[in-house]
Structure formats: C-alpha cells, structure tokens
Amino acid sequence: MKMPSTAHRNRAAERHDSFSRRNFLRGVGAAIALPAFESFLPRLSAATLAQAAATGAVSGATAFELYDTYGFPLDMTQLLATERGLTVDAVEFERLMDEQRKRGQASTKKTIVVAATEGDAAVDLQPTKFLGYEQTHSSATLIDVITADTDTFVVFDQTPFYAEMGGQTGDIGTALINGQLLTITDCVKDKAGRHLHKISAELNGQLPSLNSASTLSVDVVRRRAINRHHSAAHVIHWALRKVLGTHVRQAGTSKTADRMRFDFSHFEAVTHAQLLEVEQLVNAKVIDNAKVESYETEFDQKPEGTLAFFGDKYGKFVRVVDIGGYSRELCGGTHVSTAGEIGLIKIVAEMAIAAGTRRIEAVAGQPAFDFVAHKEAALAAVSAHLGGGTSDVVKKLEALLAHQKEIEKQLKIFQQRALAGLADELAAKATTRDGLKFVSAVVSVSEQEILRSLGSQVLAKVGEGVVQLGAALGEKASLVAFCSPAAIKAGHQAGKIIQGLSTAIGGKGGGKPDFAMGGGKDIAKLAEVLG
C-alpha cells in the first residue's frame, strides 16, 4: 500500500483545520460576525462597494480595512464574501499587511539597529552564529564594536545570547574581553542577523580591540525563567484551542523572566469557568512532564498538525518545538527541556485588546509561586480579621456583609428620623417676609445628598418660601437652595441665590429657579454668608 507523502498529509491537515475554522465562523456568524460585518459595510465608500459588485471581488485594500480598522480576520471576510458570491484579493491583503509590519518595525526599531545596517555595507555582514539552544556559556571572537549616542554594542562571531525576537526578550549576562569584564544589559538583532550585545560599563574611550578572544556568559537564572514563560505560552495556546476551539490563533506574545502575555483570536470574553479549565489543563501537562523537543526541518516537511501563524514569513528551513506531541509550533525561541521544569502556571488576567482579539497574562515558575504566596498571605490576613480559618473565610465574609447591610439599613432609618427632627427644628426658626418663609442656616451633615434631602424636607414643612443651607464636607463647603413656586413668582431664583453665595466663599455653583447647588473653599465664611 502506497503511503501518502508528508506534503500531502500536511495539505490534508491544513484542509481539515480550515474546515474546522470555517465551521466555527459559520457558527458565530449568525450571532456575532454576520451582523457586525453587515454593519461595517455601510461605512465603506459607495465606490468600494460598487467596485466589489461589478468585479465580483473584494479588494485586498477593503479586506485590510476590515481587519485593521474593525478587527475582522481575513478568513472571516473570505467566508462571508464567498457566501455572497464574491472572492477576496488575498495577495494584495498580504502586501498591505507586510507594509504595515514594516512600518511598525521601523517606528519601534532601536537606533543602533538602523545605524548598524544603513548603507550598502550591510550586504557584506554575516549573521551571528547562535549557540544558545544548547549553550549558555561559550568562547567567541569580537568582530565589531558599534556606538550610537551613549550606547555601545559589541558583536561576536558566535554567541549564546538570545537576541530579542518573536516576543521573547533578549538575554543579559557578561562578556570577558582581554581581562575586562563587561556587563551585557540587552541583546538585539540588526538587519544582517548579527546579535548586538549592549554593554553598560563605562569604557572611558577604551573600546575593546577587534579580534579579541572573548568569553560570553548568559545570566542562566534569568534565561531559565524566560524559557519557562515561553514554554508556558505554547501550552496555554494548546489549552485555549482545546477549550475554546481551533479558531484560536496566536496574535502576539511577550515572554520575559517575570511574566508572559498571550494575545489570541476569539470573539467574546473567556469565562471564569473556561479560564479555570485552561489552567487545570496546562498544569496537568506540567505534572505529566513530557519531553520538549526542538529541531529544524524544511517548511514543507514540517510534521502534520504543526501550527504556523498567519502573517508570519517562513524560510525554507524552520524550527519546530514539540511538547509531548500535543503542542507543536514553529518557533525560534528557547524553551525548557521537559514540561515539568515550568513548575507552575497561573493565569493572572484576561482582557480584550481589540475587536476579536483577547489577551491572557500569566506567570510561570517562581513568579507563579510568588503570585500564589501573595494571594495566600492576603487570604490569611482577611481570615485573621474575620476571626476564622481560610476554609470558612467565604462564610464569615458573607455573614459580615449581611450584618453590615442590616446595620446600614438601621442607620439609614435613624438618619431619616434625625433629619426629620432637624428639618422640624429649622422650619420652626423660619422668618417671614412678604408672605414667604425664609430659612438660612449652616448644618452638620456627612454627605451632599443628605444636605439636599434636608433642604427639600425643610421647604416641604414651611410651604411657600426660600431655603438655603450650607455644610462643611471635608475641606470644602457645600451649598443648596430651594424656592417654592410662590417664591419664584415673587422673583426669587435658587440658581441666582447659589451663584451669589458660592462666589462669596470662593467657589461657584448654579441651577434651576426651584433648586440649585454649589460650593467653595472658604468654609470659615459659611456662617457669615448664611447669617
């Protein structure tokens, strides 16, 4: 029996994955994608829509606008266009995506990267041989020293230092050159593929001599922490696809020694239950301690099921990272040797960052243990305050909140009674002029709303008249004024009253003829202006 070729199996797997993805899009289309897609179409120009109808094709520029402005992935646009008898110019879309990536890289690229590669000389530069997959300590020969502004970078023929790429931060460590120990604070790549090692030491004009024998040492503790977070990102990606569906695709990552973030395509918030399931799945795989294998192969010969990411450019040869056979991705980063080295994975946050794109932040290894320890310490502190153990802290807290709610209810009743009594007292002191009752006083209340309620009650008790009250709330004075219909007819307006009072205490305010509020900074003048 003739076995199918690897390329044939790859195409079959890709067709299956595409079929699953299209089925997912059809599933969400009716509820989410289709209405949103239809709502975005009117925002496109009439000429654009007319051209699509006339040619039977959606231009790459239109597909790019839907992706870049509204967050619609290309495959969703293709699916919805197909169902309307249209095609999509994916070639033009890819060109525009590539231009956008180049613009983004140009805007964020460090000065040294540009300086080191500008001009025709860059074509003669050879990429640095990277030894860091197997080594963190090696000998090397210094082949270039580059300065840019106040920064100095050294280049070697080979290095164990990983240069920042693919979301993984660059290594730090030391370089011993002719007896001089230099601290490496960062490592980046230039256009020629050279690893540029940034040094922090003050050289006092004494640049190392070219062709000097050197000894390079990566900060191993930090590198291993980065490895844990990078491998954790792969396992989380696998778990998200298992829990949410195979439509999930990496949309950006960051892996440092302290934490990792993973951006992915998904059309709604991940529920707490789903996050818990993802966390349980990934830690079960950590405990399983599968071997992590990395190897190079031709892109067309990559194993079936290997994830390659939309928008990424791959050469003839690619590096495959395989964790236990369940997670297999194209990746040039550094990783742990076995899943158990990750130690522990904790998801600390999940959020939306764009239309159709979610973000998970997580910690692995020691940062994960630190995260748990901090949570446990906080739980223990709460338990101690509640007078119980951590096992019944929820029960104790619920009881406390219920008790607080009841106390607040009773307090409100007492406040209302006290407020009614104060309103009676103020109304009894009202003066009468031209057939209207006037109340003006400074009172002691705790909130603006209580002051407002008190003024309303006083006006209700005096009937037709004017009420103006003030109170010191913190470091500011607050004022309210009320005017009855008869008072307004007689020419009194709450808004104008408050404007005058507020100005007198160094503030401002205003409102309607029947009610107004204001305030100021000069609390000492409250009694004077309301006297």
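The sections below set out a description of the structure shown in this document. Here the residue numbers are simple positions, counted from 1 along each chain's written sequence. Local features are withheld for residues below a pLDDT of 70 in this predicted model, meaning they are given only at 70 or higher, and side-chain atom pairs are given and counted only at 80 or more; totals for whole chains, interfaces and linings count all residues. Hydrogens are left out, water is left out, and the side-chain values use all remaining heavy atoms of the structure.

### Considerations on the sheet that holds strand β17 (residues 357-364)
Backbone hydrogen bonds hold the strands of a sheet together, and the pairing may be parallel or antiparallel. DSSP-based pairing: two strands are paired if at least 2 bridges between them are found. Helix numbers and strand numbers start at the N terminus; a helix is a DSSP run of H or I with at least 4 residues, a strand a run of E with at least 2. Within the open sheet, the four strands sit side by side as β11-β12-β17-β16. Their pairing is antiparallel. Each edge of the sheet is formed by a strand with only one pairing partner; in this case those strands are β11 (250-255) and β16 (345-354). Sheet twist, expressed as the mean angle between neighbouring strand axes with direction ignored, is 15°. Pairing of β11 with strand β12 (residues 260-265), which is carried by five bridges, proceeds in the antiparallel orientation. The partner of Gly-252 across the bridge, within β12, is Asp-263. For this analysis, residues touch if any pair of their heavy atoms sits within 4.5 Å. Every angle, taken between N-to-C directions, lies between 0 and 180 degrees, and every axis is a line fitted to C-alpha atoms, over only the stretch in contact when it is a helix. Lying on the sheet, helix α8 (residues 272-288) is in contact with β16 and β17; it crosses β16 at an angle near 135°. Across the sheet, helix α9 (residues 366-386) is in contact with β16 and β17; its angle to β17 comes to roughly 90°.

### Remarks on the nonpolar core
Counting 32 residues, the largest nonpolar core has Leu-240, Phe-264, Ile-342 and Ile-345 as its most contacted members. Of all the secondary structure elements, the ones that give two or more residues to this core are α7 (220-244), β12, α8, β14 (317-323), β16 and β17. Look past the residues within four positions of Ile-342 in its chain and what remains in contact with it is Arg-228, Ser-231, Ala-232, Val-235, Val-286, Val-336, Ala-364 and Gly-365. For the purposes of this section, nonpolar cores are sets of buried Ala, Val, Leu, Ile, Met, Phe, Trp, Tyr and Cys residues that join through side-chain atoms within 4.5 Å. Note on exposure labels: buried denotes an accessible area under 20% of the residue type's maximum, exposed denotes more than 50%, and partly exposed covers the range between, all computed with a 1.4 Å probe on protein chains only. By size, the runner-up hydrophobic cluster in this structure holds 21 residues, among which are Val-445, Ile-450, Leu-451 and Val-458.

### Section: the pattern of salt bridges
Every case where a carboxyl oxygen of Asp or Glu lies within 4 Å of a side-chain nitrogen of Lys or Arg is listed as a salt bridge. Under the counting rule described, the total for this entry stands at 15 salt bridges. A single network of salt bridges, built from pairs that share partners, joins Glu-92, Arg-95 and Glu-99.

### Here's the deal with the sheet that holds strand β19 (residues 436-442)
Here we have six strands laid out as an open sheet, ordered β18-β19-β20-β21-β23-β22, and mixed in their pairing. Only two strands of the sheet have a single neighbouring strand rather than two, namely β18 (431-433) and β22 (507-511). Each strand axis lies, on average, 15° off the axis of its neighbour in the sheet, ignoring direction. Summarising the sheet, strand β20 (residues 465-473) and strand β21 (residues 476-483) pair through eight bridges and their orientation is antiparallel. Within β21, the residue paired with Leu-473 across the bridge is Lys-476. Here helix α11 (residues 448-462) sits on the sheet in contact with β19, β20, β21 and β23 (515-520), set at roughly 30° to β21.

### Observations concerning α8
Residues separated by three or four positions in an α-helix point in the same direction, a consequence of the helix having 3.6 residues per turn. Given a helix with a known number of residues, its expected span is that number minus one, times 1.5 Å. An ideal rise of 1.5 Å per residue puts 24 Å on 17 residues; α8 measures up with 24 Å between its terminal C-alpha atoms. Along α8, the residues classified as buried are Leu-275, Val-278, Glu-279, Val-282, Asn-283 and Val-286. Down the axis of α8, the smallest arc covering the buried residues is 120°, so these residues share one side. Of the residues in α8, the exposed ones pointing more than 90 degrees away from the buried face are Ala-273, Gln-280, Ile-287 and Asp-288. For α8, the secondary structure elements touched by its buried residues are α7, β16 and β17. Relevant arc is that of directions from the helix axis to the C-beta atoms, nothing else.

### Considering the packing of helix α10 (residues 393-428) against α11
Two elements in contact, α10 and α11, have axes separated by 9 Å at closest approach and are oriented at 50°. Our classification of the angle between α10 and α11 gives oblique. Like other packed secondary-structure pairs, α10 and α11 cross with a definite hand, here right-handed. Residues Leu-419, Ala-420, Leu-422, Ala-423, Asp-424, Leu-426 and Ala-427 of α10 lie in contact with α11, whose contacting residues are Ile-450, Ser-453, Leu-454, Gln-457, Val-458, Lys-461 and Val-462. Tallied by class, residues from the contact of α10 with α11 come to 10 nonpolar, two polar and two charged. For classification purposes, angles smaller than 35 degrees are called roughly parallel, those larger than 145 roughly antiparallel, those between 65 and 115 roughly perpendicular, and all remaining angles oblique. In this scheme, a crossing is called left-handed if the near helix is turned counterclockwise away from the far one by less than a right angle; it is called right-handed if the turn is clockwise. All residues other than Ala, Val, Leu, Ile, Met, Phe, Trp, Tyr, Cys, Pro, Asp, Glu, Lys and Arg, Gly among them, are scored as polar; the first ten of these are nonpolar and the last four charged.

Any link to function would need more than the numbers given here.
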